[in-house]
Amino acid sequence: MAKISRRIFLKDAATTIVQEKPTFATIDYIDPSNKTLPRHLAKTSTGLTEYTGLFNEAQILHLLRRTLLGLSKADVDFFKTKTMSEAVDSILNIPPNPPPPPLNNYGNNANTADPTVPFGQTWVNAAVNPNLEGARMSSFKSWWIRLMLTPNRNISEKMTLFWHNHFATQTTIVQDSRYVYKHHSLLRANCLGDFKELVKQVTIDPAMLVYLNGEDNTKKSPDENYGRELQELFTIGKDIAEHYTEDDVKAAARVLTGWRNSRTNIASFFDTTKHDTNNKQFSSFYNNTVINGRTGTNAGMDELNDMLNMIFAHQETSKYICRKLYRYFIYYVIDESVETNVIEPLAKAFRDSNYDIKVVVSKLLKSEHFFDPLNMGCMIKQPIDQVIGSSRMMELVFPDASNIQTQYAHWIYLQQFSALCGQDIGDPPNVAGWPAYYEDPQFYELWINSDTLPKRNLYNDTMLYNGFNRFSFKLIYDTISFVNQFPNPEDPNALISAISTLCHPVPLSQASKDTIKKAYLLSGQDSDIYWTDAWNTYKNNPTNAAAKKTITDRLQAMMKYMFGLAEYQLC
Amino acid sequence: MNRKDFLRKSITGGLAPVVINGMGVKAFAENPLMQFLGKATHDDRVLVLIQLNGGNDGINTVIPLDQYSKLMAVRSNIAIAENKVLKITNNTSTGLHPGMTDFRNMYNDGLVSIIQSVGYPNPNYSHFRATDIWLTGSDSDQNLETGWMGRYLDQEYLDYPNGYPNANFPDPPAVQIGYLISPAFQGADASLAMSITDPNSFYQFVSGTVDPAPNTPAGHELTFLRLVAQQTQQYSAVIKAAAGKAANLSTLYPTAGQNSLSDQLKIVAQLIAGGLKTKVYMVSLGGFDTHAQQVVSGATDTGNHAKLLSQISVAVNAFQDDLKKLNIADRVLGMTFSEFGRRIISNDSLGTDHGAAAPLFLFGTQVNGGLLGTNPIIPGSATVNDNIPMQYDFRSVYSTVLKNWFGVTNVELNNTMLKPYPTLNVINTSATGISERDLLNPESVSNYPNPCNEYTTIQFNSSGGLVRVALYDSTGKLLKVLKEATFTDGTSSVTINTSHLAIGLYYYQILQGSAQVMKNMLVAR
């Protein structure tokens, strides 16, 4: 059944006719929080044709906001010498070597002494230890934050997060840190790889076999959990009215019987005795496909291959994934024009490339549609982007590798703040991932409510003023160092413009910038000279505490304001 | 009955199918009748929704003892030992899970209504789809973009969020305890719930100049963000104030951090007692998706499901005790729900797969305590596909809550539930006077002649006593109280002079107690 628009729904539902909203003077109200954009909003019909327009600061900022977790001034400068195509290619160029694994950062403490893994060594291949699982999961999440903070200027972190959201698992349910790490490494290594292969690997991945009960799925008692989500969430989706049946769920579960985990080998294996060797009949949605029951050690893999061939033969699989990519990189509203001009050709490219993720992401990022001004600044940042991105922009300094315990303690602080804002990486709310990427009609707006919005501001305010102090190391924004990067920090107009450009995808008016300048940098005065003098006084005598305090106070207050504007939540 | 109540009750029944001047109820925001109706939403009843995420195994929660041998046949590895099942008063065929002692005691004290096998036709077995169905109140094959509570509250808080909060409506319509707001509260234009995790801790925003939002998708999101910021700032003050006015009085709550549901309900009790006029609260407890290790092998009264049910039992009992001590128990109704029950037959992993209908609990001093419906029928040789069919549509429960707890008008009920559903006898209506509505017989109310010119005679059948007859114009504005007098049991009539009325449509209302009928009449010449 087709979706009913809320207006039509109200008309049908009530025996009354709903009149248009009367206008009120109190707020300039343009109907936020819904799916159908207000009718007076401009719409775009741009498609996948390669973008050939200007590639200036505005386009670079847009590209980086959407593909990295935040951006620093240095990141923007780095891309200024490139063409659009070079810039996208560079962003899609991920170094082949995996990052070094997470380490034992906890064994310094008597309560968490690790009998098998020395402090500073990795635990990812060690024997499972229930007493240390909490500490190891925390080590894993800290380590992940560190990778996100690393200024590598490629798309790996955003893509890894995309797949974490797509093939969502929860550490609290998997309860084996080695499986969690292995699962994560699989997503990371294949984040721009072959999607079909990725689905296959995820299906028999130990963490997923735990998370969706695949390891409990036997011929005697099939467990439908994975067989359902494979279709509903991971491949075909439910965007279209026609979809797989409940019997298809049961048949898929039977295809997948027999996969088990070995805690010793930290790997899955196929147990022929638990596999259902009968034929599996699928519905007309899959053209009544029969997957022949197999016996022997390859039976599980052969039947899985057959089933994925069947699922991927349905064009909806490619479209469903392209819609998810679209909502992750562009905007959540997919109207007819977007479906025709973007999703369908993109899905075709996906199929034609044998499901090469890099091909479709490249095509999308290089398109006219991506650089369409109407698609700029309309995403609400995911919380991790808010926390990591702010920290990266402010070039927050973390402890060096000489003290692992201190390093990890500071990384996990960022993770915990993101969790407070509604995104606990490693632990999405359920197998569907975060509702901001699927819950109709609000989508990204679900990140924002009366609980989370204040906390998003609290992170930056904490880092501006008090910082976070642990093991005698304080994380705190160095506003003077931040401002020093800009060409003319003594000029309050240039400074505010440059900072706002980095912070706000929807530009501030000159009047707003003037207000900020007067209120924060000029302390209510009218002449720019007050700031210029204060800055120069400090620069001429950087050890003078009073001079430093004068500018620090003003910069902190100004940055608090910049972060507090609603514009800062967008990307 | 005071004037507020009078106006509150005055738009039921007869007005339902009427489109007034081509406009609906929402369009009346600025006319006096609707404004009074809006204010009347301050009546002080509260609904607390407890969502059990994951799909609760109903068969192991409310246990059909009368079919125990069949139960053992289909789920022997997880079935609760017969002698461990908690007995309930006046009922030998049904029992409760052994983890629910406190809740059983509440049941025996008449504080719990158990409704058996609640579901909907053509059940869906996907968590996400099934959750959407429950939260939006849709049919199995229907996609609604508004939540059931959103549709209800949209009518109580007209034109929300535009102009809210304001002097008449200082408090949020709904409060969700947690990080994420449920789709149940999605209204036509915005979510009607405010999300909080700690009522004492809100963070202040900057305020200052605001540039106009551009006419683009980015401007659309910007406007949304600004609205949340503005409302948070305004609502946070009233929530802090409410939290500051009352403290929890029950000593039965477990230590903070041990029972998440209890921690959430504590906040709810504190805010209600603190005078917050919020009508609906939602709290949640996750972990019910018990595909595996639902029970401990050989000790089936322990394990994950037992822990969850025990948490519910302890938390709800402490909450009820708190409400009583805070002297607000009569104002609060609680309701549990879960997206589905679980399969009749268990699996080999000591668990159960996704199922269909399951029992639902209502609790509070104003429920009609007891058990509604019959035990689900357990087939002697169930197959993996067998499920519990529904006895009661969940929307029947919603409709009953709206009608008999909040006392919504038929128009509101129809706008919220979209279709008529049977009302269940699970809420005590005698205390509310809502049953008085039945005293007036709507069929008996008519006027003649209609259309009229100089005069018309309004006839009605009442049970006698004080009856008021009033006339409204086509915009819903009260023109005149035509008669307010004591009538005798039976048919009565009032003749009115209509010669001074302009040609057009009018409404007359007969009101007795809180029962009322409204009908239309035409003046023509």
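Residues numbered from 1 in each chain as written. Chains lettered and ligands numbered in written order. Predicted model: local features only at pLDDT ≥ 70, side-chain atom pairs only at ≥ 80, totals over all residues. Heavy atoms only, no water.

**Some remarks on the sheet that holds strand β3 (residues 86-88) of chain B**
To summarise the sheet geometry, strands pair through backbone hydrogen bonds and adopt either a parallel or an antiparallel arrangement.
Residue and element names in this part refer to chain B.
Link 1 in the chain: Pairing is antiparallel in the open sheet, where three strands are placed in the order β2-β4-β3. Single-partner strands in this sheet number two, and they are β2 (62-64) and β3. Geometrically, the sheet is characterised by an average inter-axis angle of 45° between neighbouring strands, direction not taken into account.
Link 2 in the chain: Bridge analysis of β2 against strand β4 (residues 91-96) gives three bridges, and the strand direction is antiparallel. Within the sheet, the bridge partner assigned to isoleucine 63 lies in β4 and is glycine 95. (Pairing = 2+ DSSP bridges. Helix = DSSP H or I, 4+ residues; strand = E, 2+ residues; numbered from the N terminus. Axes fitted to C-alpha atoms, helices over the stretch in contact; angles between N-to-C directions.)

**As for the packing of aromatic side chains**
Link 1 in the chain: With the rule as written, the count across this model stands at 53 aromatic pairs over all chains.
Link 2 in the chain: For the cation-ring pair, lysine 381 of chain A lies above tyrosine 568 of chain A, with the distance from its terminal atom to the ring centre recorded as 3.5 Å.
Link 3 in the chain: Sitting above the plane of the tyrosine 125 of chain B ring, arginine 343 of chain B keeps its charged end 5.9 Å from the centroid. (Phe/Tyr/Trp six-rings, centres within 6.5 Å; stacked < 30°, edge-to-face > 60°. Lys NZ or Arg CZ within 6 Å of the ring centre and 35° of its normal.)

**Observations concerning helix α15 (residues 336-352) of chain A**
All names here are of chain A.
Link 1 in the chain: Taking 1.5 Å as the rise per residue, α15 with 17 residues should run 24 Å; its terminal C-alpha atoms sit 23 Å apart, in good agreement.
Link 2 in the chain: Its maximal kink placed at isoleucine 343, α15 deviates by approximately 30°, while the proline proline 345 follows within four residues.
Link 3 in the chain: Burial in α15 covers these residues: Val338, Glu339, Val342, Ile343, Leu346, Ala347, Ala349 and Phe350.
Link 4 in the chain: The opening residue of α15 is aspartate 335, an N-cap whose side-chain oxygen sits 3.2 Å from the backbone nitrogen of serine 337.
Link 5 in the chain: Phi turns positive one or two residues past the end of α15, at asparagine 354, with a value near 55°. (Expected span 1.5 Å × (residues − 1). Bend = angle between axes of the 7 residues up to and from the residue. Buried < 20%, exposed > 50% of the residue type's maximum accessible area, 1.4 Å probe, protein only. Polar contact = N/O pair within 3.5 Å; in protein donor to acceptor, adjacent residues only side chain to side chain.)

**Concerning the sheet that holds strand β14 (residues 455-462) of chain B**
Residue and element names in this part refer to chain B.
Link 1 in the chain: Read from one edge of the open sheet, three strands run β13-β14-β17, paired in antiparallel fashion. Of all the strands in the sheet, the pair left with one neighbour each is β13 (446-448) and β17 (490-497). In this sheet, neighbouring strand axes are inclined to one another by 25° on average, regardless of whether the strands run parallel or antiparallel.

**Notes on the nonpolar core**
Link 1 in the chain: In this structure, Met159, Trp163 and Met559 of chain A are the most contacted members of the largest nonpolar core, which totals 180 residues.
Link 2 in the chain: The dominant element in this core, judged by the number of residues it contributes, is helix α5 (residues 133-149) of chain A, at nine residues.
Link 3 in the chain: Counting 98 residues, the second-largest nonpolar core is a separate cluster that includes Leu309, Val332, Leu333 and Tyr421 of chain B. (Core = buried A, V, L, I, M, F, W, Y, C linked by side-chain atoms within 4.5 Å.)

**Here's the deal with the pattern of salt bridges**
Link 1 in the chain: The tally for this structure, following the rule as stated, stands at 39 salt bridges over all chains.
Link 2 in the chain: Lysine 348 of chain A is the partner of aspartate 352 of chain A in a salt bridge, and the nearest nitrogen-oxygen pair spans 2.7 Å. Of this pair, aspartate 352 of chain A and lysine 348 of chain A both sit in helix α15, separated by four residues, roughly a single helical turn.
Link 3 in the chain: Taking the relative accessible area as the measure of exposure, lysine 348 of chain A reaches 45% and is therefore partly exposed.
Link 4 in the chain: With its nearest N and O atoms 2.8 Å apart, the salt bridge here joins aspartate 57 of chain B to arginine 75 of chain B. In this pair, aspartate 57 of chain B sits in the loop between β1 (46-52) and β2 while arginine 75 of chain B sits in helix α3 (residues 68-75), placing the two residues 18 residues apart along the sequence.
Link 5 in the chain: Taking the relative accessible area as the measure of exposure, arginine 75 of chain B reaches 0% and is therefore buried.
Link 6 in the chain: Residues joined in a network through salt bridges with shared partners are Glu57, Lys73, Asp77 and Lys80 of chain A. (Salt bridge = Lys/Arg side-chain N within 4 Å of Asp/Glu carboxyl O.)

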